[in-house]
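Report on the structure
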Amino acid sequence: MNDIALIGLAVMGQNLVLNMARNGLAVTVYNRTRERTEAFLGGPAKGQSITPAWDVPSCVAALSRPRKIILMVKAGTAVDQLLDELLPVLEPGDIVVDGGNSHFEDTVRRTRRLRETGVFFAGMGVSGGEEGALLGPSLMPGGPLPAWEQMRHILEKIAARSADGDPCADYMGADGAGHFVKMVHNGIEYAVMQLIAETWDLLRRGLNLSPGQTADCFAAWNKGAASSYLLEITANILRTKDLSGDGFMVDAILDTAQGKGTGLWTSQSALNLGVPVPAITAAVEARMLSMRREERQRYAPLLPAADVSLDIPAPETLGKALFLATRLAYLQGFSLLMAAERTWNWGLDPARIARVWRAGCIIRAAFLDDLVRTFAPEAPLSFIASAPEDLADAQLALRRVTTLAAAAGIPAPGLGASLAYYDAFRSARLPASLVQAQRDYFGAHGFERPDRPGVFHGPWKG
Ligand SMILES: NC(=O)C1=CN([C@@H]2O[C@H](COP(=O)(O)OP(=O)(O)OC[C@H]3O[C@@H](n4cnc5c(N)ncnc54)[C@H](OP(=O)(O)O)[C@@H]3O)[C@@H](O)[C@H]2O)C=CC1
Ligand SMILES: O=C(CO)[C@H](O)[C@H](O)COP(=O)(O)O
């Protein structure tokens, strides 16, 4: 009898299976399209303790009890279809883990559906891409606690390890917690990728640096507290030559950034919960604008340009601005996680989440160690304000960069949104008083006063 089954042998599934086999687990694999299983067995899986199944019932029959099955399939109806096939052959106590990027509301629905059958359903965030899945991903399981208790020894074995040796796999909380955490992870991922892309644009278009010089900047910034996986891969990407031409790979790629939905869901959830995540939303919208390539091409020569030419700040200033904006993006993500906890009481714990993000995942970054120590749910901004001297310098850098980007006509929506977020928190008084007055003027909505309790109306029309 095998220890575990994995269903869905695309990039993530195959690599997770190889990871499990390397860690001594006997794995049964199944994929809807038979050819994919055959190619896997004849290729990367050759000679490993991996057994194929050619339909769902025989996949389940190959497992010891309680049966443990991980789904790594396309998010959406594929998960429901597989559950329809699995449920007739599963027994109470068996565990189905959905490791795909499912929407957390689907996970809540599926968890409820399976609760009635006695089969445990656990939504689990998986991050790390192809390499992470193979060598050690970051794992964010949620759902019923008994499922985590049964799966823990396996998940900890295959997960990445932080520098201090902790496995980057931990229980995130009940119901949809695992997939909510992964969704916010991806929202932060969107924001940081966009911030990096904008900074690259300023280096390239603003400072006229060569691709190699821009790579050197990202490599130089990828040091100490500011170091991160996304900075590391950016430097590598920018150095990569286009094998089919003379130039660099990045210049041979169409400038339209696609997405599979998790960034958009993060913004939508944040709006629903009333939490501002402007850097994440700016990143989602920047991808949308990038997709309107035809219009951009058409209007580029027609729309008037900036009439001032100010010098773009030196790379050192850009690096400081990028680091502050990056930390503000994480802060927005953690604020959203805390709002979700206040709403659903899943048991989300910011320190535990930051701990599983320290290695294996796409948004791993050195400052997460600091975040684990300093993040206080009741005072989230203290994480940003924990080093006031650095902050004084960094906010000036972000201010200079966004001002000069605007003056030069180079769009920097993520950097700008991050600065506005920061400035909103340092504004003891915002112009919202005028918005309240307007609401009261046209709709008699009332307003409060700082000097006395109660709800008031203006004498607007008198
Ligand atoms: N790629 C990445 O970097 C990451 C992906 N994820 C998530 O992990 C999951 C797997 O991702 P990835 O490996 O990229 O693969 P894909 O998202 O491209 O999904 C392909 C897999 O889903 C299966 N599938 C699709 N529809 C059905 C269906 N109706 N019934 C049964 N199986 C179906 C496919 O089977 P078939 O061969 O028959 O078509 C194939 O095995 C996704 O949810 C993804 O969002 C999570 C983290 C990172
Ligand atoms: O989950 C992931 C990384 O963490 C996947 O790579 C996901 O597909 C990334 O999102 P998108 O495709 O929308 O850019």
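Basis of the calculations
Residues numbered from 1 in each chain as written. Chains lettered and ligands numbered in written order. Predicted model: local features only at pLDDT ≥ 70, side-chain atom pairs only at ≥ 80, totals over all residues. Heavy atoms only, no water. Helix = DSSP H or I, 4+ residues; strand = E, 2+ residues; numbered from the N terminus. Rg over C-alpha atoms; globule rule 2.2 N^0.38 Å. Buried < 20%, exposed > 50% of the residue type's maximum accessible area, 1.4 Å probe, protein only. Contact = heavy atoms within 4.5 Å. Areas by Shrake-Rupley, 256 points an atom, 1.4 Å probe, with all protein chains shown as cover. Lys, Arg positive; Asp, Glu negative; His and termini not counted. Charge placed at Lys NZ, Arg CZ, Asp CG, Glu CD. Near = heavy atom within 4 Å. Polar contact = N/O pair within 3.5 Å; in protein donor to acceptor, adjacent residues only side chain to side chain. Patch = residues over 30% accessible without salt bridge, like charges linked within 9 Å, V, L, I, M, F, W, Y side chains within 5 Å. Salt bridge = Lys/Arg side-chain N within 4 Å of Asp/Glu carboxyl O. Core = buried A, V, L, I, M, F, W, Y, C linked by side-chain atoms within 4.5 Å. Domains from an automatic or database assignment. Buried area = accessible area lost by both parts, 1.4 Å probe.

Description of the overall build of the protein
- In terms of helices and strands, the protein carries 19 helices and seven strands.
- Since a compact globule built from 462 residues should have a radius of gyration of about 23 Å, the 25 Å found for the protein is in line with a globular shape.
- Within the protein, the fraction of its 462 residues that count as buried is 50%.
- Of all intrachain contacts in the protein linking residues separated by at least 6 positions in sequence, the fraction that spans at least 24 positions is 67%.
- Total accessible area on the protein is roughly 21700 Å²; 55% of this is exposed by carbon and sulfur atoms.
- When the 45 positive and 48 negative side-chain charges of the protein are each reduced to one mean point, those points stand 1 Å apart.

Some words on the site of ligand 2
- Around ligand 2, a shell composed of 13 residues is seen, among which Asn-101, Lys-182, Glu-189, Tyr-190 and Lys-260 lie nearest.
- A distance of 3.0 Å separates an oxygen atom of ligand 2 from a polar side-chain atom of Asn-186.
- Protein contact buries 75% of the 370 Å² of open area that ligand 2 shows by itself.
- Of all the elements, helix α8 (residues 177–206) adds the most residues to the shell around ligand 2, at five residues.

Quick look at a nonpolar patch on the surface
- Taken together, the side chains of Tyr-299, Leu-302 and Leu-303 present a nonpolar region at the surface, about 330 Å² in accessible area.
- If you trace the backbone, Leu-303 turns up in the loop between α13 (293–299) and α14 (315–344).
- Taking relative accessible area as the criterion, Leu-303 reaches 56% and is therefore assigned exposed.

Description of the nonpolar core
- Among the nonpolar cores identified, the biggest contains 80 residues, and Phe-180, Phe-218, Leu-337 and Trp-357 are the most heavily contacted of them.
- With 15 residues, the top contributor of residues to this core is α14.
- When residues are assigned to domains, this core turns out to be shared by domain 1 (4–171) and domain 2 (182–426), each giving three or more.
- Here Leu-337 is in contact with Phe-180, Val-181, Val-184, Leu-348, Ile-353 and Trp-357, once residues within four sequence places are set aside.
- Leu-16, Ile-70, Met-72 and Ala-133 belong to the second-largest nonpolar core, a separate cluster that totals 33 residues.

Side note on the domain arrangement of the protein
- You can read the domains of the protein as domain 1 (4–171) and domain 2 (182–426).
- Just the C-alpha atoms count here: the centres of domain 1 and domain 2 sit 32 Å apart.
- Listed by partner, the interface residues are 25 residues for domain 1 and 18 residues for domain 2.
- Note on domain 1 versus domain 2: buried area summed over both sides is about 1600 Å², and carbon and sulfur give 62% of it.

Some points on unusual backbone geometry
- Following Arg-65, the chain continues to Pro-66 via a peptide bond in cis, the omega torsion being -10°.
- Along the polypeptide, Pro-66 turns up in the loop between α3 (56–61) and β4 (68–71).
- The residue Asp-175 is not glycine, and still its phi comes out positive at about 50°.
- Within the secondary structure, Asp-175 sits in the loop between α7 (145–158) and α8.
- Backbone geometry at Asn-208 places phi at a positive 60°, although glycine is not the residue there.
- Inspection of the secondary structure puts Asn-208 in the loop between α8 and α9 (211–221).
- In this structure Asn-208 comes out as exposed when scored by relative accessible area, which is 65%.

Here's the deal with the environment of Gln-436
- Within the secondary structure, Gln-436 is located in helix α19 (residues 432–443).
- Take Gln-436: its relative accessible area is 29%, and that puts it in the partly exposed class.
- C-alpha separation for the pair Gln-436 and Glu-448, spaced 12 residues apart in sequence, amounts to 8.8 Å.
- Setting aside residues up to four positions removed in sequence, Gln-436 forms contacts with Gly-446 and Phe-447.

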